[in-house]
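# Understanding the architecture of this molecule
Next come the chains, spelled out residue by residue.
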Amino acid sequence: MRIGIVTFFRIANYGAMLQAYALWKYLEARGHKVVFIRHAGIVPRRMHLIRCLVSRRLCGVVMKVSQYVQSPISEFAADFPQTRFCRTLGEIQEETSDCDAFIVGSDQMWNPEWCSGALLPVVMLDFAREDQLRIAYAVSFGSDKWVSDGSENAVGRLLCKFTRISVREESGVSLVESLSGRTDAECLIDPALLLTAESYRLLMDGIPGPEGKGRYVFRYILHERKISAETERAFFAVRSQLGIMCFKSDRVPVRGFGSPLCKLLGVYAKLSLPNWLSELVHSDFVFTNSFHGTVFAILFHRPFVSLLLRGSMSRMNGRLLSLLSKLGLPERAVYADDIGKIRDMAGGVIDWKNVDERLSRLRDKTDGFFDKVVGRIGE
């Protein structure tokens, strides 16, 4: 089959690019051909630096400049098989007329905070013909409820058109049912977990390991321009428990033109994706609040602690809690102020054999899902 994929895949986010890469390679191994759909709403183009400075509020300037200096890491996905840049449903249809099926997912493709408007027909595959399969794979709503903006009926109608639906959080199963009445949605693992650690090591070819023999903790924190005092205290607790004061992170100073401005705004560049993987793989411990930071710590058998989010961001904890529960690691998700538990996690031992056995069963479940919907070519 030729399969078109709608997902985040060329943005400055390691997890987004790697989940897309993994789904591509997984489907390719099953004999299918893949093309990623480049749509203006999900694959943004890099903004000119001058435009980054035009905003009514300082936080807007900081966000735009951050996106500008970090966008080069998205070049990892430049060689993915992909359509031309599409702005309308008609252009998507022209580019994918030879596709037999479409997959939306994974990642937060159904997060109502950003997709409930003009992008809804794109992420709900409303451009597909009747003879083209519509599949949702491990899609995340990023919430346990849909926004009350009048789009609920449209969402329910579009969900009913899907051939098969799977979501990434258990709460997503209930949400699909409440919106559409469908009771056949499944909860499946993020595609990044479908590949083995050895598959990802291929991406690090030519990347040297860390210099010297020093031990270090890898810190990967999202959603914070400046690390909070609470997070800093939790991070210090981990390092003191381990007796490792050295640490590395995904942030690096901006160099060259614009570096003084970035220093003033507290904006950092990012490691390349292969270097990010290398730093995580060679670390002694991973300290993160990122779902995909947690995923790759698990794949590479790195001891870790995953900080739960608070406030408006807490709605995103579901995907992490679902995954860790299924892998027998629910205690690894903690709040930053639970210092005692964090110290326990830093000093604890993970039964990786049990984790791998559970993960193998979850991968088998995904195989079963795709066997039913698109099959396996060449067998």
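Here is a short report on the structure shown in this document. (Residues numbered from 1 in each chain as written. Predicted model: local features only at pLDDT ≥ 70, side-chain atom pairs only at ≥ 80, totals over all residues. Heavy atoms only, no water.)

### Overview of the sheet that holds strand S5 (residues 164-167)
- Strand order across the open sheet formed by six strands is S2-S1-S3-S4-S5-S6, with parallel pairing between neighbours. Two strands bound the open sheet, and with one partner strand each, they are strand S2 (33-36) and strand S6 (186-187).
- The pairing of S5 with S6 spans two bridges and is parallel. Bridged to Val167 within S6 is Cys187. (Pairing = 2+ DSSP bridges. Helix = DSSP H or I, 4+ residues; strand = E, 2+ residues; numbered from the N terminus.)

### What about the side chain of Thr366?
- If you trace the backbone, Thr366 turns up in helix H16 (residues 352-373).
- Residue classification places Thr366 among the buried residues on the basis of a relative accessible area of 0%.
- A distance of 2.9 Å separates polar atoms of two side chains, one belonging to Thr366 and the other to Tyr137. (Buried < 20%, exposed > 50% of the residue type's maximum accessible area, 1.4 Å probe, protein only. Polar contact = N/O pair within 3.5 Å; in protein donor to acceptor, adjacent residues only side chain to side chain.)

### Here's the deal with the nonpolar core
- Core analysis: the biggest nonpolar cluster contains 106 residues, and Trp110, Tyr200 and Phe296 have the highest contact counts within it.
- Among the elements that make up this core, the one with the highest residue count is helix H1 (residues 14-29) (11 residues).
- Within the second largest apolar cluster, 17 residues are counted, among which are Phe235, Phe287, Val334 and Met345. (Core = buried A, V, L, I, M, F, W, Y, C linked by side-chain atoms within 4.5 Å.)

### A word on the packing of aromatic side chains
- This model, assessed by the stated rule, comprises 24 aromatic pairs.
- Ring centres 5.2 Å apart and planes at 70° place the aromatic pair Tyr220 and Trp276 in the edge-to-face group. Here Trp276 lies in helix H12 (residues 273-281) and Tyr220 lies in strand S7 (residues 217-220), a separation of 56 residues in the sequence.
- A relative accessible area of 3% means that Tyr220 is categorised as buried.
- By relative accessible area, which is 0% here, Trp276 ends up buried.
- Grouped by ring-pair contacts, the aromatic residues Phe9, Tyr21, Trp24, Phe36, Phe76 and Phe80 constitute a single cluster.
- Over the face of the ring belonging to Phe291 we find Arg168, whose NZ or CZ atom lies 4.7 Å from the ring centre.
- The cationic tip of Arg332 hangs over the ring face of Phe304; the distance from NZ or CZ to the ring centre is 5.8 Å. (Phe/Tyr/Trp six-rings, centres within 6.5 Å; stacked < 30°, edge-to-face > 60°. Lys NZ or Arg CZ within 6 Å of the ring centre and 35° of its normal.)

### Looking at the sheet that holds strand S8 (residues 247-249)
- Pairing is parallel in the open sheet, where five strands are placed in the order S8-S7-S11-S12-S13. The open sheet has two edge strands with one neighbour each: S8 and strand S13 (333-334).
- As defined by bridge partners, S7 adjoins S8 across three bridges and the pair is classed as parallel. Within S8, the position partnered with Arg219 by the bridge is Ser249.

### Some words on the pairing of S5
- Side chains Arg164 and Ser166 project from S5 onto one buried face, and the interleaved Ile165 and Val167 project onto a second face that is buried too.
- Note that the unit made of S5, helix H8 (residues 170-180) and S6 has a crossover that is right-handed. (Right-handed = clockwise from strand over helix to strand, strands pointing away.)

### A short note on the pairing of strand S11 (residues 285-288)
- Burial of the side chains of S11 extends over both faces: Phe285 and Phe287 are buried on one face and Val286 and Thr288 on the other.
- Both S7 and S11 contribute to a ladder of four bridges, which runs parallel. Along S11, the bridge assignment pairs Arg219 with Phe287.
- Where S11 lies against strand S12 (residues 304-307), three bridges are found, and the strand directions are parallel. Across the sheet, residue Thr288 finds its bridge partner in S12, namely Ser306.
- Handedness of the crossover joining S11 and S12 through helix H13 (residues 291-299) is recorded here as right-handed.

No statement about biological role is implied by the geometric values presented.
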